[in-house]
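Here is what each chain is made of, one letter per residue.
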Amino acid sequence: MSIVEQTREGDVLVLTIHNPPVNAFSPGVPEGLHAGLDAAEGDEGVRSVVIIGGGRTFIAGADIKTFDLPREQAPDLRGFITRLDAFPKPTVAAIHGTALGGGLEVALACTYRVATKDAQLGLPEVKLGVLPGAGGTQRLPRVVGVPKALEMMLSGNPVKATEAQQLGLVDELVEGDLREGAVAFARAHADARPLPRISERSAQADPQVFAAAREGIKKTHRGQLSPGLIVDLAEMAVTRPFQEGWEAEARLFMQAKDSPQSRGLRHIFFAEREAGKIPGLTRDTPTTEINSAGIIGAGTMGGGIAMNFLNAGIPVTIVETAQGALDRGLAVIRKNYENTAKKGRMTVEDVEKRMALLTPTLNMEDLADADIIIEAVFENMDVKKDIFTRLDAIAKPGAILATNTSTLDVNEIAAVTGRPESVIGLHFFSPANVMRLLEIVRAEKTSDSVLATSLALAKRIKKVGVVVGVCDGFVGNRMIHRYGDEARKLVEEGAKPEDADAAMNALGLPMGPFQMSDMAGLDIGYAIRQHQAKVRGEPEPDGWLDRIVEMGRKGQKTGAGIYDYGEDRRPKPNADVQALIEAYRAEKGVQPRALNPQELTERLVYSLVNEGAQILDEGIAQRAGDIDVIYIYGYGFPPYRGGPMGYADEVGLKNVVAALEGYGQTPAPLLKRLAQEGKTFAGYDRERGQS
Ligand code: T1G
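Chains are numbered independently. Their residues run from 1 in the order of the written sequence. For a predicted model such as this one, the threshold for reporting local features is a pLDDT of at least 70, and the threshold for listing and counting side-chain atom pairs is 80 or more; totals across whole chains, interfaces and linings nevertheless cover every residue. With hydrogens and water set aside, each side-chain value is computed from the structure's full complement of heavy atoms.

Draft legend 1. Structural context of unusual backbone geometry. In this chain, Pro-20 is followed by Pro-21 through a cis amide linkage whose omega measures 10°. Starting at the N terminus, helices and strands are each numbered in turn, a helix being any DSSP run of H or I of at least four residues and a strand any DSSP run of E of at least two. In this structure, Pro-21 sits in the loop between β2 (12-17) and α1 (29-41). Residues Arg-193 and Pro-194 are joined by a peptide bond in cis, for which omega reads -5°. Within the element layout of this structure, Pro-194 appears in the loop between α7 (178-188) and α8 (208-220). Unusually for a residue other than glycine, Lys-462 sits at a positive phi of about 60°. Here Lys-462 is to be found in the loop between α17 (448-460) and β17 (464-468).

Laid out in structure tokens, this is it:
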């Protein structure tokens, strides 16, 4: 079957696109559509045309995989749209699933648009660091008005077909069979003349709208290129003739597409999808249905984890050791929901529906029938071993036994049970009901079925699941510990904490290393450093940051940590802390020196890259792309920078190695080798069939 199938329905020609999974505008699609238009144009018996997607959706956009093809090899979406816009017979876009990006742009160049009511229409290009490059910036404002068009193009979020109809973006909602409805609509409008063309309309707007949009993106899209270009093009849709805006759009699209930011965002788009692919796991790998969950611990983590299941409609039995702790845990969950309801993001009924799915208990035996049990108690190996020993006797056969540990050895925990194949790590990030990252820690004996079930569960509870191996800190925290070590060293050498934070803020991270430590709680890092020193048989740490904790300054939660925090919770440098740092340097005989933003940025980011390379080499992470996904969703690394490994690829691994060596540091062997071979981390992933 051709990638675009032509079917005559009387005097209507139906062009059906068959390019699974999402009917992207890939090579072959424009050719097939042009052939369809040729057939329609050349046949007097055809009075109108329907364009419809086969399978689950309309065209979901240009084929992102073709962005870096030489121009002459890339599908010519603009050329097709130019022809479609001028086509002499009525054309109808029949939309189901998603009409996104170039897909919506094709629909906008049709005479009419009909859709099923649950279809979604949007221009998400900004999420890829580009802009609607096939007429969207010029046609959408002419249909829905400039404010709505700007909202859609800058957020990248789709609208439902019901709203699209109210906006005039969809001409008719089709109940029942979309194809039949579209053919009937095409037949009924076959004589419409002159053909209504969006490109012939004009758009009006108060110039203030653009000034406000430019102000807004300074906050919502700090440091990004394409949002400003989108505003400029939307303004041209109002102030300039269509053709001029259309041509400017092509130029600015290429500028955005060739930017490091777009390369970073496209890398993350595919990396996020690759992360869910595990060699050996296929669609046939057996999985178990998760219809109930048990959670041990109703503290911050346990409560947050529970909310993810309740939000997905999965009943939860939550266990604590004392009634007070249990009551407090439930109260926090309810409060979180009530706050969300106050913001209008859920109804009071939703709150009650979720709370009704939650069963508190003091008896672990009440977890006997749970399909999955997640332990979320104090980070202590003996406590966890005791719990898993008891769980082994309580949980039903086939139940998944998961630990939420953030660093401890999952193999050691599994070993106390008689069912290590059912044990896995599910490392949620705090706040667990908000952070989307879930590190799925595959222990040596974890079965494929338990792993596949955990990956499916991650999707169901709207988490980005990334499979990692067992080591101290797995992937994210192991790297962040190195990053924290480097940050403390920078201060020892002469930097102010606020300089290091400013360097990371400038790179696009919402928080630098010290802002993050203060938020997490300095005592947590302190305890981890003590634990690691003990495990390694090293002397008790006594760094400047340890001394701050010993002063009782534990971070935001005590209103004072590295910084002071007032009512506005904004970090303010503290003179005593600065004095302690200076005294510490003197005691260690360090002559402080000025460190410029470049050194601060390179040493902080490359500490992540270097540890990431080592983690990759050890097989603790499957892909460099997985590490990037972890840092985007777990640590706020800006997606338009591509994650730490993607950023290193953009800088060039040779330059990263030279910088590390320049700072007297030792590049990880894999990093050194790839740099010497002129390779990239992305290429390394591809070489190993991992992307
Ligand atoms: N191009 C190439 N591959 C795509 C693709 C696309 N546009 N969209 C999805 N895929 C692949 C994806 O990598 C995955 O591959 C499979 O399809 C299923 O995707 C000129 C320039 C449509 C809502 O940004 O938002 O048009 O892993 O897992 O969860 O102005 O895919 O199976 O090998 O995401 O059901 C604009 C991006 C492009 C839409 C479906 N369009 N896609 O979600 O499936 S730029 C987009 C999505 C553009 C024009 C500009 C989602 C989806 P694999 P999936 P899903």
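There's plenty left to go through after this.
Draft legend 2. The site of the ligand, seen in detail. In these notes, residues near a molecule or strand are those with any non-hydrogen atom within 4 Å of it. The local shell around the ligand holds 28 residues, among which Arg-56, Gly-102, Glu-105, Glu-125 and Arg-273 are the closest. Residue Ala-60 places a main-chain N or O atom 2.9 Å away from a nitrogen atom belonging to the ligand. In the environment of the ligand, a nitrogen atom lies 3.4 Å from a nitrogen or oxygen atom belonging to the side chain of Lys-65. Throughout, the Shrake-Rupley method with a 1.4 Å probe supplies accessible areas, and for residues the shown protein chains are the sole cover considered. Protein chains bury 76% of the 1000 Å² of accessible surface belonging to the ligand in isolation. Secondary-structure elements contributing two or more residues to the shell around the ligand are β5 (98-100), α3 (102-109) and α11 (260-274). Here the element with the most residues in the shell around the ligand is α11; it accounts for three residues. Under this definition, polar contacts are N or O atom pairs within 3.5 Å; protein pairs additionally need one hydrogen-donor-capable and one acceptor-capable atom, and for neighbouring residues in sequence, both atoms have to be side-chain atoms.

Draft legend 3. Structural view of the domain arrangement of the protein chain. In terms of domain boundaries, the protein chain breaks down into domain 1 (4-258), domain 2 (293-468), domain 3 (495-588) and domain 4 (597-687). Here the C-alpha centre of domain 3 lies 51 Å away from the C-alpha centre of domain 1. All domain edges in this entry derive from an automatic or database-based domain assignment.

Draft legend 4. Layout of the UniProt feature "domain: 3-hydroxyacyl-CoA dehydrogenase NAD binding" (unreviewed entry) in the protein chain. Within this numbering scheme, the UniProt entry marks residues 293-469 as carrying the feature "domain: 3-hydroxyacyl-CoA dehydrogenase NAD binding" (unreviewed entry). Helix makes up 41% of residues 293-469 and strand 20%, and the two end C-alpha atoms of the span are 24 Å apart. UniProt positions are given in the numbering used here, feature names are shortened, and annotations may be inferred rather than shown by experiment.

Draft legend 5. Inspection of the UniProt feature "domain: 3-hydroxyacyl-CoA dehydrogenase C-terminal" (unreviewed entry) in the protein chain at higher detail. Those places that UniProt annotates as "domain: 3-hydroxyacyl-CoA dehydrogenase C-terminal" (unreviewed entry) correspond, in this numbering, to residues 473-565 and 601-679. A distance of 29 Å separates the end C-alpha atoms of residues 473-565, which is 62% helix and 3% strand. In this annotation, residues 601-679 is assigned 71% helix and 0% strand; the end-to-end C-alpha distance for the span is 23 Å.

Draft legend 6. Layout of empty space enclosed by the protein. Buriedness for pockets is judged along seven lines, at least five of which must meet protein on both sides within 12 Å for an open set on the 1 Å grid over protein atoms alone, while cavities are sets there where a 1.4 Å probe fits but cannot get out, and lining residues have an atom within 4 Å of a point. Grid points are joined across faces, edges and corners, and a volume is the space filled by probe spheres set on the points. Enumeration over the complete set of coordinates arrives at three cavities of 30 Å³ or more. By volume, the largest cavity is sized at about 80 Å³. Forming the boundary of the largest cavity are 14 residues, of which Asp-85, Ala-109, Thr-111, Pro-196 and Arg-197 lie nearest the centre. Those elements that place two or more of their residues in the lining of the largest cavity are α2 (77-85) and α3. Polar here means any residue outside two lists: the nonpolar Ala, Val, Leu, Ile, Met, Phe, Trp, Tyr, Cys and Pro, and the charged Asp, Glu, Lys and Arg; Gly therefore counts as polar. When grouped by side-chain class, the residues that make up the lining of the largest cavity number eight nonpolar, three polar and three charged. Taken as a whole, the second largest cavity encloses approximately 40 Å³ of empty space. Surrounding the second largest cavity, Ile-480, Tyr-483, Leu-509, Met-511, Met-516, Leu-608, Tyr-631, Tyr-635 and Phe-637 form its lining.

Draft legend 7. Spotlight on the packing of α2 against α3. Under this scheme, a helix contributes an axis fitted over its contacting stretch, all axes are lines through C-alpha atoms, and angles between N-to-C directions fall in the 0 to 180 degree range. Interhelical geometry of α2 versus α3 gives an angle of 20° and a closest axis separation of 8 Å. Here α2 is positioned roughly parallel relative to α3, judged by the angle of their axes. Note on packing geometry: the crossing formed by α2 with α3 is right-handed. Contacts from Leu-77, Phe-80, Ile-81, Leu-84 and Asp-85 in α2 reach Gly-102, Glu-105, Val-106 and Ala-109 in α3. Across the contact of α2 with α3, the residue classes tally to six nonpolar, one polar and two charged. Any angle between 65 and 115 degrees counts as roughly perpendicular, while under 35 counts as roughly parallel, over 145 as roughly antiparallel, and the rest as oblique. In this scheme the crossing of two helices becomes right-handed for a clockwise turn of the near helix relative to the far one and left-handed for an anticlockwise turn of less than a right angle. Residue contacts are defined here by distance: any two heavy atoms, one from each residue, within 4.5 Å place the two residues in contact.

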